[in-house]
Amino acid sequence: MTRTTKLTALLVLACLAGAVLLMPLASAAGDEPPTPLFWLATVVLAVLAVQSIRRMAALDGARIYGMLTAALFGLWVVYFWQLLVVAFEVPRVLLPPPSLILQSIASHWSTLWGDFVQTVLKAVLIGWALGSGLGFAVAVAIDRMPFLQRGLLPLASLTSTIPLVAVAPIAVMWFGFEWQSKAAVVVLMTFFPMLVSTLAGLKASGKLERELMYSYAASYTRTLLALRLPAALPFMFGALKVNATLALIGAIVAEFFGSPTSGLGFRISTEASRMNMPLVWGAIVVAAVTGSVAYAVLVQLERRAAFWHPSVREG
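Cut-off values and rules
Residues numbered from 1 in each chain as written. Predicted model: local features only at pLDDT ≥ 70, side-chain atom pairs only at ≥ 80, totals over all residues. Heavy atoms only, no water. Helix = DSSP H or I, 4+ residues; strand = E, 2+ residues; numbered from the N terminus. Rg over C-alpha atoms; globule rule 2.2 N^0.38 Å. Buried < 20%, exposed > 50% of the residue type's maximum accessible area, 1.4 Å probe, protein only. Contact = heavy atoms within 4.5 Å. Areas by Shrake-Rupley, 256 points an atom, 1.4 Å probe, with all protein chains shown as cover. Core = buried A, V, L, I, M, F, W, Y, C linked by side-chain atoms within 4.5 Å. pLDDT = per-residue confidence, 0-100. Axes fitted to C-alpha atoms, helices over the stretch in contact; angles between N-to-C directions. Parallel < 35°, antiparallel > 145°, perpendicular 65-115°, else oblique. Left-handed = near helix turned anticlockwise from the far one by under 90°. Nonpolar A, V, L, I, M, F, W, Y, C, P; charged D, E, K, R; others polar. Salt bridge = Lys/Arg side-chain N within 4 Å of Asp/Glu carboxyl O. Expected span 1.5 Å × (residues − 1). Arc of directions from axis to C-beta. Phe/Tyr/Trp six-rings, centres within 6.5 Å; stacked < 30°, edge-to-face > 60°.

Caption draft 1: Layout of the overall build of the chain. Summing up its helical and strand segments, the chain has 13 helices and zero strands in all. Along the chain, helices and strands appear, N-terminal first, in the series α-α-α-α-α-α-α-α-α-α-α-α-α. Whereas a compact globule of 315 residues would reach a radius of gyration of roughly 20 Å, the chain reaches 25 Å, over 25% beyond that. The principal-axis extent of the C-alpha atoms belonging to the chain is close to 80 × 60 × 30 Å. Taking all 315 residues of the chain together, 40% fall into the buried category. Within the chain, residue pairs in contact and separated by at least 24 positions form 72% of the contacts whose partners lie at least 6 positions apart. Element-wise, carbon and sulfur atoms account for 72% of the exposed surface of the chain, whose accessible area totals about 17700 Å².

Caption draft 2: Fine view of the nonpolar core. In this structure, Leu112, Trp128, Leu240, Leu248, Ile252 and Leu264 are the most contacted members of the largest nonpolar core, which totals 33 residues. Among the elements of the structure, helix H4 (98-107), helix H5 (109-144), helix H8 (179-202), helix H10 (220-254), helix H11 (264-273) and helix H12 (277-305) are those that each provide at least two residues to this core. A per-element tally of this core places H10 first, with twelve residues. Contact partners of Trp128, with chain neighbours within four places excluded, come to Ala123, Val186, Thr190, Leu240, Asn243, Ala244, Ala247 and Leu298. Of all hydrophobic cores here, the second largest spans 18 residues; its members include Ala49, Trp76, Tyr79 and Phe80.

Caption draft 3: Local environment of the confidence of the model for the chain. Residues at a pLDDT of 70 or more form 94% of the chain, whose mean pLDDT is 84. Per-element confidence in the chain ranges from a low mean pLDDT of 62 for helix H13 (residues 310-314) to a high of 92 for H4.

Caption draft 4: A look at the packing of H8 against H10. Remark: H8 packs on H10, axes separated minimally by 7 Å, with the N-to-C direction vectors making an angle of 155°. Overall, the two elements H8 and H10 adopt an arrangement that is roughly antiparallel. When you trace H8 past H10, the crossing you get is right-handed. A class-by-class count of the residues in the contact of H8 with H10 yields 19 nonpolar, six polar and two charged.

Caption draft 5: Region of the structure containing the pattern of salt bridges. All told, the structure shown has four salt bridges when counted by the stated rule. In this structure, Arg267 engages Asp115 in a salt bridge whose closest nitrogen and oxygen atoms are separated by 2.8 Å. With Arg267 in helix H11 and Asp115 in helix H5, the pair connects residues that are 152 residues apart, well separated along the chain. Grouping residues by exposure puts Arg267 and Asp115 together as buried. Between Glu271 and Arg274 there is a salt bridge, and its shortest N-O distance comes to 3.3 Å. Residue classification places Glu271 among the buried positions, given a relative accessible area of 5%. With a relative accessible area of 58%, Arg274 lands in the exposed category.

Caption draft 6: Main features of helix H7 (residues 164-175). Under the 1.5 Å per step criterion, the end-to-end length of H7 is 16 Å for twelve residues, consistent within 8% with the ideal 16 Å. Buried within H7 we find Leu164, Val167, Ala168, Ala171 and Val172. Looking straight down H7, one finds that the buried residues subtend no more than 145° of arc, so they occupy a single side. Along H7, exposed side chains directed more than 90 degrees from the buried face belong to Met173 and Trp174. Here the buried face of H7 lies against H8 and H10. Just downstream of H7, Gly176 is the residue with a positive phi angle, here 95°.

Caption draft 7: Region of the structure containing unusual backbone geometry. Although it is not a glycine, Glu89 sits at a positive phi angle of roughly 55°. Residue class for Glu89 comes out exposed when judged on its relative accessible area of 53%. Here Met275, not a glycine, exhibits a phi torsion of approximately 65°, which is positive. Accessibility expressed as a relative area gives 52% for Met275, which makes it exposed.

Caption draft 8: Local environment of the packing of aromatic side chains. Counting across every chain of the model gives eight aromatic pairs. Taken together, a centroid distance of 5.4 Å and an interplanar angle of 80° make the contact between Tyr79 and Phe80 edge-to-face. Residue classification places Tyr79 among the buried positions, given a relative accessible area of 13%. By relative accessible area, which is 15% here, Phe80 ends up buried. Centre to centre, the rings of Trp113 and Phe116 are 5.4 Å apart; their planes meet at 20°, and the pair counts as stacked. Linking Trp113 with Phe116, this pair stays in helix H5, spanning three residues, or about one helical turn.

Here it is as structure tokens:
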């Protein structure tokens, strides 16, 4: 461990110790507003927190430093959220503190798990797989038969312009209130990004490499599998990562227009009407963590599948 690393670790530990000592002062005043000394300590702690993040981000070496930087940044955001909400006595309806959100998640864990299964494991996962797979298949068909580009591509582009709030009620009427209607919305949202990205990726292989395959009398299928699809992998993974976010958003919004008694979108809309904002934020946290984990998993798969690509090596 270098001297810079040790100093950074000491700064982080000192900031965390200061944060532990400062937090009780935010709620100790009761009806009285926090003292100027409290606000001075808060400003000093904020400056030190920023410095700790900057020093952590500047460390070179293992990839773990990047993960620690992200974790430290998120920790400080949550901490100052809690500190300022308590200090200003912000009403729970406007913005509940993170501690109350965590309590709500813990007390309604079984309910949120059922919502997670309904929204993510059914509507999002199935719709994301079908939409991305269909976009990939149509892209290969257009690449194989160029005359389809004039017919299919303009029609496919229409799918990206259809408003979600317009198609969601129609999907509910066609497929019912269960997860199938939400999966249909997700398919519609994820189809076009995968189509466009795959087409761009199939054209990314070098001209010399294609001419070499042609000189070997390689068939279209052989060229596709050995050269063009590997070159398209970074583009395809980019679309998969974008679609993971779009799928989650689309399924949650679609549940606003009709859903059974479970689902993250159903939970958000129902509890918001009851002013149960901690549980609303709990469902939002579940959705956000799910999206982050899905993105991280896809990044790791991309590193393994396209390790040779400059964008992956530099990342």
